Amino acid sequence: MHVQFATKLTLIQTFLLDHDVDVITETWLTDGDEVTPRQLLPDPDGYSFISVPRNGLGGGLGIVAKSHISIKLRPPQKCESFECAEFDLRAASLSTLLVAVYRPSPSTQNGLSRIQFLTDFTPFQEDLVTRQDNFIIMGDFNIHIDNLDNPEAAQFANLLNDCNGIQLPVPWYTGDLQQQKRHVRRAERRWRKSGLPVDRKEFTKQRNIFTDMASVAKKDHIKQKIKDCYGDQKLLFRLVNELLGRSKSKRLPTIYDSEADLANMFSDFFHEKISNIRNVLSNFSASGTARETFHPPSSTWLSFQLVSLVEVSKIIKSSPCKSCALDPVPTWMVKAAPERFADIIVKIINSSLETGIVPDIFKRAHVTPLLKKTTLDPDSLDNYRPISQLQFVSKVLEKVVGNFLCKYLKGNDLFENLQSAYQPGQCGNCSCQSDK
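Rules used throughout
Residues numbered from 1 in each chain as written. Predicted model: local features only at pLDDT ≥ 70, side-chain atom pairs only at ≥ 80, totals over all residues. Heavy atoms only, no water. Patch = residues over 30% accessible without salt bridge, like charges linked within 9 Å, V, L, I, M, F, W, Y side chains within 5 Å. Areas by Shrake-Rupley, 256 points an atom, 1.4 Å probe, with all protein chains shown as cover. Salt bridge = Lys/Arg side-chain N within 4 Å of Asp/Glu carboxyl O. Lys, Arg positive; Asp, Glu negative; His and termini not counted. Charge placed at Lys NZ, Arg CZ, Asp CG, Glu CD. Helix = DSSP H or I, 4+ residues; strand = E, 2+ residues; numbered from the N terminus. Buried < 20%, exposed > 50% of the residue type's maximum accessible area, 1.4 Å probe, protein only. Disulfide = S-S within 2.5 Å. Pairing = 2+ DSSP bridges. Axes fitted to C-alpha atoms, helices over the stretch in contact; angles between N-to-C directions. Phe/Tyr/Trp six-rings, centres within 6.5 Å; stacked < 30°, edge-to-face > 60°.

Attention now goes to a positive patch on the surface. Taken together, the side chains of Lys234, Arg238, Lys322 and Lys395 present a region of like positive charge at the surface. Inspection of the secondary structure puts Lys322 in the loop between helix H9 (309-318) and helix H10 (331-336). Given a relative accessible area of 41%, Lys322 falls into the partly exposed group.

Have a look at this one:
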């Protein structure tokens, strides 16, 4: 992202609101400048900003990140033909190194040549690979890498390929935007060289055109993503949370001696809570408050039918790609090759249906404590609820039994007439319309 803070705040905001992390090049900030997220964003809460000025006029690098991402600046690296800054990023249990790079365009003014950048960047990248397992390079190289007919672009692409590097595109950044950005850069260089008001006016015009085009392209991209979620409320809410930048980071208590101690604290707390609920229910039943009137059933369900390979394969294919730490095989792998796994899953499920026994291993869950509201005190265990993740095969068994149960209830007209939840093809609107 090429920006100058004094003239391009609108352009900065156009890009920053889309991402958790963004690198800014050519900030033109000095050691004495103090820039806060409030100056960058219309809604600055939850962001942090670090500036790395150039020693001299112009240039400079910056990084903006959402608050759930921790940023730490590493000691500076000395590079002759480009500016760089290294940041350690950490979010929850994930961490990586982000390298911000700005390479000025070669000119007689700065005395840089095209070959000098490739000569300097080669050992820089090799050093990164040897001292860091994973890293991300972001910035402005002033190389149109999408045009491999350009010798410099082809050389740079080969350099990235040597280290298994890839370029991640911005999905809404079209060819028209790229062309308009060239017009903006050309007009800016002309104005800075001449200093004439007419050239400044032309630069402002071209910049505003680019900003408007970027806004329209981004809106069209988001509209399409929303359309792609049609009929899937879960996917739609996930997209909305992503667009609004809602953090998924988990908050945990801060007062504990070790991770094992924290896990035991939660285990004891949830176990005691469930025991108390069971005791209350037992006392409620023993007190005689519950109904004692017995109505003979109009129908009976004595046994399960065995499930077929086709039915289980259908359930596997329609299941979400969620895995649990207890799964021996990742769910995505089972879904990718259901014919390899469905046969053994069918045998396990039919054995359970025949014996009427759910294997003990299916009753084990990977429990994650989740804060009920982000505003609650994370050090109070009462503010957490347990989220239990079961093995994938146990959820397939649950789905099979659920299908049998729904079929039985529907076949014997045992569903509540006004029930709309937990029934396929039913919703609140359907219930309201059917009552008219």
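Counted under the stated rule, the structure contains zero disulfides. Residue Cys84 stays outside any disulfide, its sulfur separated by 3.5 Å from that of Cys79, the closest cysteine.

Overall, antiparallel pairing links the three strands, which are arranged E1-E3-E2 in an open sheet. Strand pairing shows two members of the sheet lacking a second neighbour, strand E1 (21-25) and strand E2 (47-52), which therefore form its edges. Adjacent strand axes in the sheet meet at a mean angle of 15° when their direction is disregarded. In this sheet, strand E3 (residues 61-66) lies alongside E2 in antiparallel orientation, the contact comprising six bridges. Across the sheet, Ser48 pairs through a bridge with Ala65, a residue of E3.

The next point concerns the pattern of salt bridges. The tally for this structure, following the rule as stated, stands at nine salt bridges. In this structure, Arg74 engages Asp88 in a salt bridge whose closest nitrogen and oxygen atoms are separated by 2.8 Å. Separated by 14 residues along the polypeptide, Arg74 in the loop between strand E4 (70-73) and strand E5 (83-91) and Asp88 in strand E5 bring together distant segments of the chain. Classification of Arg74 as partly exposed rests on a relative accessible area of 22%. In this structure, the salt-bridge partner of Lys347 is Asp343, at a minimum N-O distance of 3.8 Å. Highlighted residues: Lys347 and Asp343, both in helix H11 (residues 338-355), separated by four residues, approximately one helical turn. One salt-bridge network, held together by shared partners, links Arg74, Glu86, Asp88, Asp127 and Arg131.

Moving on, we get to the packing of aromatic side chains. If you walk through the whole model with that rule in mind, you get 17 aromatic pairs. Measuring from ring centre to ring centre gives 5.8 Å for Phe266 and Phe270, while their planes differ by 20°; the resulting arrangement is stacked. Placement of both Phe266 and Phe270 in helix H8 (residues 259-286) is noted, with a separation of four residues, approximately one turn of the helix. The same class applies to Phe266 and to Phe270, which are both buried.

This brings us to the sheet that holds strand E7 (residues 135-140). Reading across the sheet, the four strands line up as E4-E5-E6-E7 and stay open at both edges, with mixed pairing between neighbours. Strands with a single pairing partner mark the edges of an open sheet, and in this sheet they are E4 and E7. Across the sheet, the mean angle from the axis of one strand to that of its neighbour is 25°, orientation sign disregarded. Here four bridges tie E4 to E5, and the two strands are oriented antiparallel to one another. Its bridge partner being in E5, Leu73 is matched across the sheet by Phe87.

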